[in-house]
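# Residue-level structure breakdown
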Amino acid sequence: MPYKLTLTFCAAVLALISLRMHIDPAGITAGEFPYAQGDAFDVAVTIRRLIASLLFVIASITFFARGIESVKSQQSLLNGCILGFAVMAITVGIMTVTQIANLVIAAVVFSVLTALCVFSRIKVNLNK
């Protein structure tokens, strides 16, 4: 997958997740943390809104970074995406396996984004 298309796809996925989290943070929290109640639930909803805003920032940076022309810079950016998405995939995967939260979809999404960035990074390296 070409570099620009990969970053566009990653930005779009992150923006959609962010939008979904902004629209219904309570619904997402209830689905992922079914046993949260009272103040814990309210704090989780607030944190969900903060995470949604952070995801939008990352989506914006990723989208506008598509214009980078230098191969070295493209490689560095893709390395950052690979590391960031992999850490997210591992974190939500561990939370799902240990039954802290139900984040299977998030684990799959971040694993796919990691794989796409790895393949794009390999392609950028081959085109060097």
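Here's a quick rundown of the structure. (Residues numbered from 1 in each chain as written. Predicted model: local features only at pLDDT ≥ 70, side-chain atom pairs only at ≥ 80, totals over all residues. Heavy atoms only, no water.)

The next point concerns the nonpolar core. Leu14, Leu78, Phe85, Phe110, Leu113 and Cys117 are the most contacted members of the largest nonpolar core, which has 19 residues in total. Among the secondary structure elements, those contributing two or more residues to this core are helix H1 (3–23), helix H3 (38–64), helix H4 (71–97) and helix H5 (104–126). Residue contributions to this core peak at six residues, all from H1. Those residues in contact with Phe85 that lie beyond four places of it in its chain are Cys10, Leu14, Phe110, Leu113, Thr114 and Cys117. (Core = buried A, V, L, I, M, F, W, Y, C linked by side-chain atoms within 4.5 Å. Buried < 20%, exposed > 50% of the residue type's maximum accessible area, 1.4 Å probe, protein only. Helix = DSSP H or I, 4+ residues; strand = E, 2+ residues; numbered from the N terminus. Contact = heavy atoms within 4.5 Å.)

Here the phi dihedral of Gln99 falls at roughly 60 degrees; this positive angle occurs in a residue that is not glycine. Relative to the elements of secondary structure, Gln99 occurs in the loop between H4 and H5. A relative accessible area of 72% means that Gln99 is categorised as exposed.

Looking now at the packing of H1 against H3. H3 packs onto H1 with a crossing angle of 160 degrees between their chain directions and a minimal axis gap of 8 Å. The pairing of H1 with H3 is recorded here as roughly antiparallel in orientation. Read as a crossing pair, H1 and H3 show a hand that is left-handed. Contacts between H1 and H3 involve Leu7, Thr8, Cys10, Ala11, Leu14, Ala15, Ile17, Ser18, Met21 and His22 on the former and, on the latter, Arg48, Arg49, Ile51, Ala52, Ser53, Leu55, Phe56, Ile58, Ala59, Thr62 and Phe63. Across the contact of H1 with H3, the residue classes tally to 14 nonpolar, five polar and two charged. (Axes fitted to C-alpha atoms, helices over the stretch in contact; angles between N-to-C directions. Parallel < 35°, antiparallel > 145°, perpendicular 65-115°, else oblique. Left-handed = near helix turned anticlockwise from the far one by under 90°. Nonpolar A, V, L, I, M, F, W, Y, C, P; charged D, E, K, R; others polar.)

Right, let's talk about the packing of aromatic side chains for a bit. This model, assessed by the stated rule, comprises two aromatic pairs. Between Phe63 and Phe64, the aromatic rings sit 5.2 Å apart at their centres with planes inclined by 85 degrees, giving edge-to-face as the arrangement. Judged by relative accessible area, which is 32%, Phe63 ranks as partly exposed. With relative accessibility at 66%, the residue Phe64 sits in the exposed group. Taking NZ or CZ as reference, Arg66 lies 4.0 Å from the ring centre of Phe63, over its face. (Phe/Tyr/Trp six-rings, centres within 6.5 Å; stacked < 30°, edge-to-face > 60°. Lys NZ or Arg CZ within 6 Å of the ring centre and 35° of its normal.)

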